[in-house]
Amino acid sequence: MIAAMAPRAILLDALGTLVELQPPAPTLLELLRERHGVEVSEHDAQRALRAEMGHYRDNCVMAADAAGLAALRRRCVAILAEELGPAAQDLDQSDLLGTLLDSLRFRPFAEVPGALERWRAAGLRLVVASNWDISLHDVLERTGLRDLLDGVATSAEVGVSKPAAAVFEEALSLAGVEPLEALHVGDSMEADVEGARAAGIEAVWLNRAGESVPDGVRAIATLDQLRP
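Residues numbered from 1 in each chain as written. Predicted model: local features only at pLDDT ≥ 70, side-chain atom pairs only at ≥ 80, totals over all residues. Heavy atoms only, no water.

Turning our eyes to something else, we now look at the overall build of the protein chain. Along its length, the protein chain carries ten helices and ten strands. Since a compact globule built from 228 residues should have a radius of gyration of about 17 Å, the 19 Å found for the protein chain is in line with a globular shape. With respect to the three principal axes, the spread of C-alpha positions in the protein chain is 55 × 35 × 35 Å. When each of the 228 residues of the protein chain is scored for burial, the buried share is 46%. Contacts in the protein chain between residues at least 24 apart in sequence constitute 64% of all its contacts with a sequence separation of at least 6. Mean positive and mean negative side-chain charge positions of the protein chain (21 and 36 charges, respectively) differ by 3 Å. (Helix = DSSP H or I, 4+ residues; strand = E, 2+ residues; numbered from the N terminus. Rg over C-alpha atoms; globule rule 2.2 N^0.38 Å. Buried < 20%, exposed > 50% of the residue type's maximum accessible area, 1.4 Å probe, protein only. Contact = heavy atoms within 4.5 Å. Lys, Arg positive; Asp, Glu negative; His and termini not counted. Charge placed at Lys NZ, Arg CZ, Asp CG, Glu CD.)

Listed below in C-alpha cells is the structure:
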C-alpha cells in the first residue's frame, strides 16, 4: 500500500472518485421505448447524451439553487430531444426530463464505503470538493455515502469550478483545517491534482484507468491504496 503523510482531513472529488455513472444509453433506449413509444438507435442515443452532458459540464456551476437547477435541466432535455431527432422532438419535455433523469444512475465504486468508514474511524475529516450542481447532495444520499462524509462543497454553490482555488478553500473551511493539514484525491490531473496543488494542498491522482503517471505525481489505482 502507498503510505501517506498523516493529514487531518481528506478532500475528495465525486464523479470518477467516489461514484461512477452507469452507462446511461441502454437505460435511455429502454425507457424511451416503454414510456414514450419512441425508437431510436443506440448511436443516436449516445450522441444525444454526449451533447446533453457536454452542456451540463459547461454550465453546472449555474445550478446553485432549485431554480438554477430546473433551468439547467430544461436546457439539457431540450438538447437531448433535438439530438435524438424527430421521433423525440414532439414529446412533452417534462416527461422526457423524467426519463433522462431516470437514465442517469450513479453507484459508489466498490471500495469507497469501506475506505470512508476506515478513514473516519481513524479520526479524519472527509469533505467532497466536486464540480457538480446542488443535486450532488441527493446523489450522495441515494448512494449511501452522505452519512460517511463531514461536508460537501460543490462548484455550483461556490460559484466557480475546479481547478479554481475557491472550491478547495470551501472544502477546507467545511473540514476546519488549513491547506497543509489536508490531502485531496481526485481523478482529474487538471482539476484535482493541479488545482489542489495551486491551493497549497497535497494531491493524489486516482488513476483507475492505469494511465502513465507523470513525474512527481503521487498516484493510486483505488482508494484502498491510500492509508492515512
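After that view, the rundown keeps rolling.
Moving on: the packing of aromatic side chains. Across all of its chains, the model carries one aromatic pair by this definition. Between Phe-106 and Trp-132, the aromatic rings sit 5.3 Å apart at their centres with planes inclined by 55°, giving tilted as the arrangement. In this pair, Phe-106 is assigned in strand E4 (residues 106-108) and Trp-132 in the loop between strand E5 (125-130) and helix H7 (136-142), connecting sequence segments 26 residues apart. On the basis of relative accessibility, which here comes to 22%, the residue Phe-106 falls in the partly exposed class. The ring of Phe-109 is capped by Arg-208, whose NZ or CZ atom sits 3.7 Å from the centre of that ring. (Phe/Tyr/Trp six-rings, centres within 6.5 Å; stacked < 30°, edge-to-face > 60°. Lys NZ or Arg CZ within 6 Å of the ring centre and 35° of its normal.)

Turning our attention to the sheet that holds strand E2 (residues 9-12). Strands sit in the order E6-E5-E2-E7-E8-E9 across an open sheet of six strands; the sheet is parallel. At either margin of the open sheet sits one strand with a lone partner, and together these are strand E6 (151-154) and strand E9 (219-220). In terms of strand pairing, strand E8 (residues 202-206) meets E9 through two bridges, oriented parallel. Bridging from a neighbouring strand, Leu-206 pairs with Ile-220 of E9. Contacting E2, E5, E6 and strand E7 (182-186), helix H9 (residues 165-175) runs over the sheet at an angle of about 160° to E5. (Pairing = 2+ DSSP bridges. Axes fitted to C-alpha atoms, helices over the stretch in contact; angles between N-to-C directions.)

Of the voids in this model, the largest pocket is the one considered here, and its volume is about 910 Å³. Lining the largest pocket are 35 residues, and of these Leu-15, Tyr-56, Arg-57, Phe-106 and Trp-132 sit closest to its centre. Considering only residue class, the lining of the largest pocket consists of 19 nonpolar, five polar and eleven charged. (1 Å grid on protein atoms, 1.4 Å probe; cavity = no way out; pocket = protein on both sides within 12 Å on 5 of 7 lines; lining within 4 Å. Points joined across faces, edges and corners; volume = space filled by probe spheres on them. Nonpolar A, V, L, I, M, F, W, Y, C, P; charged D, E, K, R; others polar.)

A cis amide bond links Lys-162 with the next residue in sequence, Pro-163, at an omega value of 20°. As for its position among the elements, Pro-163 is in the loop between helix H8 (155-158) and H9.

Any two side chains of opposite charge can pair if their charged atoms end up close together. By the definition in use, this model includes 13 salt bridges. A salt bridge links Asp-44 to Arg-47; the nearest nitrogen and oxygen atoms lie 2.7 Å apart. Of this pair, Asp-44 and Arg-47 are both found in helix H2 (residues 42-59), three residues apart, which corresponds to roughly one turn of the helix. Accessibility expressed as a relative area gives 22% for Asp-44, which makes it partly exposed. Note on Arg-47: relative accessible area 28%, which makes it partly exposed. Of the charged contacts, one joins Asp-192 and Lys-162 as a salt bridge, the two residues approaching to 2.6 Å between their closest N and O atoms. Of this pair, Asp-192 sits in helix H10 (residues 189-198) while Lys-162 sits in the loop between H8 and H9, and the two are 30 residues apart along the sequence. Among the residues examined, Lys-162 registers a relative accessible area of 6% and is labelled buried. Residues joined by salt bridges that share partners form a network here, namely Asp-13, Lys-162 and Asp-192. (Salt bridge = Lys/Arg side-chain N within 4 Å of Asp/Glu carboxyl O.)

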